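Survey of secondary and tertiary structure
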Amino acid sequence: MSQTNASRMEAACALLAESERRFLLYELADNRTANLEDLVDQIAAWELDVSAHALDKETRQRVYVSLVHNHLPRLADYDIIEYDLRSGDIVLAEGFDDIKPLLEQFRTTEDEPELRGRPPL
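Looking at an unreviewed UniProt entry, one finds the chain named DUF7344 domain-containing protein and attributed to Natrinema hispanicum.

The next thing to look at is the pairing of strand E2 (residues 81-84). Pairing geometry for E2 and strand E3 (residues 89-92), over 4 bridges, is antiparallel. Bridged to Tyr83 within E3 is Ile90.

So, about the nonpolar core. Within the largest apolar cluster, 28 residues are counted, with the highest numbers of intra-cluster contacts made by Leu24, Leu25, Leu28, Leu67, Ile80 and Ile81. Contributing elements (two or more residues each) for this core: helix H1 (3-16), helix H2 (19-31), helix H3 (36-48), helix H4 (57-77), E3 and helix H5 (96-111). Of the residues forming this core, the biggest block, 6 residues, is contributed by H3. Once residues within four sequence positions are removed from consideration, Leu67 is found in contact with Leu24, Leu36, Val40, Ile43, Leu72 and Pro73.

Another point: the sheet that holds E3. Sheets are built from strands paired through backbone hydrogen bonds, the pairs being either parallel or antiparallel. Pairing within the open sheet is antiparallel, and its 3 strands lie in the order E1-E3-E2. Both outer strands of the open sheet, strand E1 (33-35) and E2, are each paired with one neighbouring strand and no more. Taking the axes of each pair of neighbouring strands and ignoring which way they run, one obtains an average angle of 20° across the sheet. Against the sheet, H4 engages E2 and E3, with an angle of about 130° to E2.

Reading guide: rules and limits
- Residues numbered from 1 in each chain as written.
- Predicted model: local features only at pLDDT ≥ 70, side-chain atom pairs only at ≥ 80, totals over all residues.
- Heavy atoms only, no water.
- Pairing = 2+ DSSP bridges.
- Helix = DSSP H or I, 4+ residues; strand = E, 2+ residues; numbered from the N terminus.
- Core = buried A, V, L, I, M, F, W, Y, C linked by side-chain atoms within 4.5 Å.
- Buried < 20%, exposed > 50% of the residue type's maximum accessible area, 1.4 Å probe, protein only.
- Contact = heavy atoms within 4.5 Å.
- Axes fitted to C-alpha atoms, helices over the stretch in contact; angles between N-to-C directions.

Shown next as structure tokens:
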């Protein structure tokens with residue numbers, strides 16, 4: 001494997017290591033576009049395994065700040081997404097195809113209750 005391919009693989013794994021980024025990308029993989037406000041509720045609910053109605057303001061704010069100041073810019077830097085903070089619109093970019101197979105593997109693992117229940121490595 002070339003150094004370039006190894007570096008790209010490591011970057012993809014690092015990008016997908018964060019659950020908030022994976023959850024955001026799962027939604028975009030299904031719908032190709034999303035709105036930031038809707039994603040905040042969905043991601044917080046997925047993380048806590050509760051309904052969006054059960055979320056408090058502090059939890060929503062924490063997820064919003066995390067997305068805006070960390071996850072969205074990082075994904076945009078790798079050309080995985082494009083976003084506009086004014087409108088809240090988020091769309092997939094060309095680079096998404098590079099990480100899509102790995103994202104699908106993560107999703108399969110997270111969707112399996114018996115795999116999800118295993119202790120962390």
